[in-house]
Amino acid sequence: MNGVNYWNLFAITLPESLLEVISLVVLIVDLGLLRKSSHATRMAVAAVLGVVGCAASIWWLSGHAGSEAAVGDFLVATPLVAAAQIGILILTGLVLLLSIKAEFSRNPGEFVAIVLLGTTGMMLVAAARDLLMIFVALELLSLSLYVLTAFAKNSAQSAEAALKYYLFGGMSAALMLFGFSYLYGLTGTTSLPGIAQMLATGATSPLLIVALVLVAAGLGFKVAAVPFHLWAPDTYQGAPAPVTALIASGSKVASFAVLVALTTALAGASSSASGTSASSMSASSMSWIVLLLWMAAGSIVLGNLAALVQTSVRRLLAYSAIAHAGYMLLGIAAHTPQSGAAVLYYALTYALTTVGAFGVIAVVERATGSDRLDAFAGLSRRSPLLAGTMLIFLLSLAGIPPLVGFWAKFNLFASVLRAGTIGVWGLGLVAVALAASAVSLYYYLQVLKRIYVIKPVQAEPLAISFVELTTLILIALAVIALGVLPGALSGWIQLG
């Protein structure tokens, strides 16, 4: 790292360093000072400390989000990266607030510390612009999520989910590392700008195609895209609800942020204004785009069709997540600046809504011991406010106006149609995505039917803490506000 400006390195990584320090403080306070306190006290203190750490990092990023800075070709700090990192921190803070009443672990300090370590990995993934840094950051994130998935030590489902997640994750990491090594061998560099430059001037070789396939397989696992999605339903169902919310939210934002950066390097930066078209792309660029389009189409179709037959709400949301990953891959394949920003907008709003949905599931599971559709029967009579938040979250996921999910889909599909990079594929796949969105409304309505139409088995009100209810209401209000005022978020992340 000769020539590295260490002040820049310190400034760029200060938010991540703050999280590391807070995670150590959480462990010291929990294991040193509160060891004999009640579980509720320990969990509340650890979660609040974690939220304070996230708030401190957001404060630093907000004050330095307008500057373009880089540490060599390893890490960058652009406004778009800062938007992704602030979004990840907000999502982590919400997950911690919704975990305050969680009872799946006897070690709340360790749980919060590992959540903060995973968040550090997410932030580094979003900022990384070097193959080695991307791999190390992804593994830091993945190892944290494997451990968190197994955190409910008394649950066989949690252990099974963690084992499957770990095995599939290890295989995908090996494939991605093979792909990265081939890319390095072909280009002589690990930096994304350097790779982009070499690919623009070099000829396409069969080994390059192999490298692209391996990298697509590795990253396809991270975003649960078809055919690398097999871990998602079991993990979503078996992991503790707050962990599932983290996997489905912050992890997805980070993974899609790095996919946008990687696609810019592998397929070349382009824009509709530049007149780049599918016919003018190199064979390597076209190969990468075709891989993304196949994964997008498969995820959209399979995710939505499989969700139709689910009786577990967690598995329903897992297949829904696969379908949403397909929509976002469509935007990444378009690879214009506008579609890249639209993907980040979509990922952030989807993640916010998903955290809220899993917050409701956690409350229902705690009261009924089940996440099946029938467990939600009559929720509107047992807890009208909780039912109201779930209504908002599910309608937003379906893309119903004026909620933010509608604008996320509108911006994404419009940016794909405006892009000339994927030719007629764009129009056809957007048509498929619109039809699939209509299908998704059916399975979201199945949950709402139980909540509002079917009578409850038990009549007493559902127990929910003040912090949980307040957090869920705030998330629901944010989903409505960002839908009514779509420019608030799109202007912040510079949507084109």
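We now turn to the structure provided with this report. No experiment lies behind these values; they were computed from the predicted model shown.

A look at the overall build of the protein chain
Then step 1. Scanning the protein chain for helices and strands turns up 20 helices and two strands.
Then step 2. Its C-alpha atoms give the protein chain a radius of gyration of 22 Å, within 12% of the compact-globule value 23 Å for 496 residues.
Then step 3. Expressed as a percentage of the 496 residues in the protein chain, the buried residues total 58%.
Then step 4. In the protein chain, once contacts between residues fewer than 6 apart in sequence are set aside, the share between residues at least 24 apart is 80%.

Some remarks on the nonpolar core
Then step 1. Of all hydrophobic cores here, the largest spans 163 residues; its most connected members are Trp288 and Phe376.
Then step 2. With 17 residues, the single largest contributor to this core is helix α14 (residues 337-368).
Then step 3. Those residues within four positions of Trp288 in sequence are excluded, and the remaining contacts are Leu212, Val215, Ala216, Leu259, Thr263, Leu266 and Ala267.

A few points about the environment of Thr235
Then step 1. Looking at where Thr235 falls in the secondary structure, it is placed in helix α9 (residues 231-238).
Then step 2. Discounting chain neighbours no more than four positions away, the residues touching Thr235 are Thr149, Ala161, Tyr165, Thr244 and Ile247.

Quick word on the pattern of salt bridges
Then step 1. What the rule picks out here adds up to six salt bridges.
Then step 2. In this structure, the salt-bridge partner of Asp234 is Lys164, at a minimum N-O distance of 2.7 Å. In this pair, Asp234 is assigned in helix α9 and Lys164 in helix α6 (residues 156-187), connecting sequence segments 70 residues apart.
Then step 3. Look at Asp234 and you get partly exposed, because its relative accessible area is 23%.

Things to note about the packing of helix α2 (residues 39-63) against helix α3 (residues 79-98)
Then step 1. Between α2 and α3, the shortest axis-to-axis distance is 9 Å and the interhelical angle comes to 165°. The pairing of α2 with α3 is recorded here as roughly antiparallel in orientation. As α2 runs across α3, the sense of the crossing is left-handed. Residues Ala47, Gly50, Val51, Cys54, Ser57, Ile58, Leu61 and Ser62 of α2 pack against Gln85, Ile86, Leu89, Ile90, Thr92, Gly93, Leu96 and Leu97 of α3.
Then step 2. Split by residue class, the contact of α2 with α3 holds ten nonpolar, six polar and no charged.

Here we look at the packing of helix α16 (residues 384-398) against helix α19 (residues 466-484)
In a packed pair of helices, the relevant descriptors are the angle between the two axes and the axis-to-axis distance.
Then step 1. One can describe the packing of α16 onto α19 by two numbers: an axis separation of 9 Å at closest approach and a directional angle of 35°. For α16 against α19, the interelement crossing comes out left-handed. Contacts between α16 and α19 pair Leu385, Leu386, Thr389, Ile392, Phe393 and Ser396 from the former with Leu469, Leu472, Ile473, Ile475, Ala476, Val479 and Ile480 from the latter.
Then step 2. A class-by-class count of the residues in the contact of α16 with α19 yields eleven nonpolar, two polar and no charged.

Looking at a nonpolar patch on the surface
Then step 1. A cluster of nonpolar side chains, namely Val301, Leu305, Leu308, Val309, Val432, Val439 and Tyr442, defines an oily patch on the protein surface of about 580 Å² accessible area.
Then step 2. Considering each element in turn, the nonpolar patch owes the most residues, three residues, to helix α18 (residues 423-452).
Then step 3. Position of Val439 among the secondary structure elements: in helix α18.

Structural notes on α16
Then step 1. Given a rise of 1.5 Å per residue, 15 residues ought to cover 21 Å, and the 21 Å separating the end C-alpha atoms of α16 matches this to within 8%.
Then step 2. For α16, the set of buried residues is Leu386, Ala387, Thr389, Met390, Ile392, Phe393, Leu394, Ser396, Leu397 and Ala398.
Then step 3. Just beyond α16, the residue with positive phi is Gly399, at close to 85°.

What to know about the side chain of Glu139
Then step 1. The topology assignment puts Glu139 in helix α5 (residues 131-149).
Then step 2. An unpaired buried charge is present at Glu139: no salt bridge exists, and Lys222, the closest side chain of opposite charge, is 4.0 Å distant.

Let's talk about the environment of Thr244
Then step 1. In this fold, Thr244 is placed in helix α10 (residues 241-248).
Then step 2. Taking C-alpha positions, Thr244 is 9.2 Å from Leu148, a pair spaced 96 residues apart along the chain.
Then step 3. Ignoring sequence-local partners within four residues, the contact set of Thr244 consists of Thr235, Tyr236, Ala239, Arg314 and Phe358.
Then step 4. Within the local environment of Thr244, its side chain forms a polar contact with the backbone oxygen of Tyr236, the two atoms lying 3.4 Å apart.

Calculation criteria
Residues numbered from 1 in each chain as written. Predicted model: local features only at pLDDT ≥ 70, side-chain atom pairs only at ≥ 80, totals over all residues. Heavy atoms only, no water. Helix = DSSP H or I, 4+ residues; strand = E, 2+ residues; numbered from the N terminus. Rg over C-alpha atoms; globule rule 2.2 N^0.38 Å. Buried < 20%, exposed > 50% of the residue type's maximum accessible area, 1.4 Å probe, protein only. Contact = heavy atoms within 4.5 Å. Core = buried A, V, L, I, M, F, W, Y, C linked by side-chain atoms within 4.5 Å. Salt bridge = Lys/Arg side-chain N within 4 Å of Asp/Glu carboxyl O. Axes fitted to C-alpha atoms, helices over the stretch in contact; angles between N-to-C directions. Parallel < 35°, antiparallel > 145°, perpendicular 65-115°, else oblique. Left-handed = near helix turned anticlockwise from the far one by under 90°. Nonpolar A, V, L, I, M, F, W, Y, C, P; charged D, E, K, R; others polar. Patch = residues over 30% accessible without salt bridge, like charges linked within 9 Å, V, L, I, M, F, W, Y side chains within 5 Å. Areas by Shrake-Rupley, 256 points an atom, 1.4 Å probe, with all protein chains shown as cover. Expected span 1.5 Å × (residues − 1). Lys, Arg positive; Asp, Glu negative; His and termini not counted. Polar contact = N/O pair within 3.5 Å; in protein donor to acceptor, adjacent residues only side chain to side chain.

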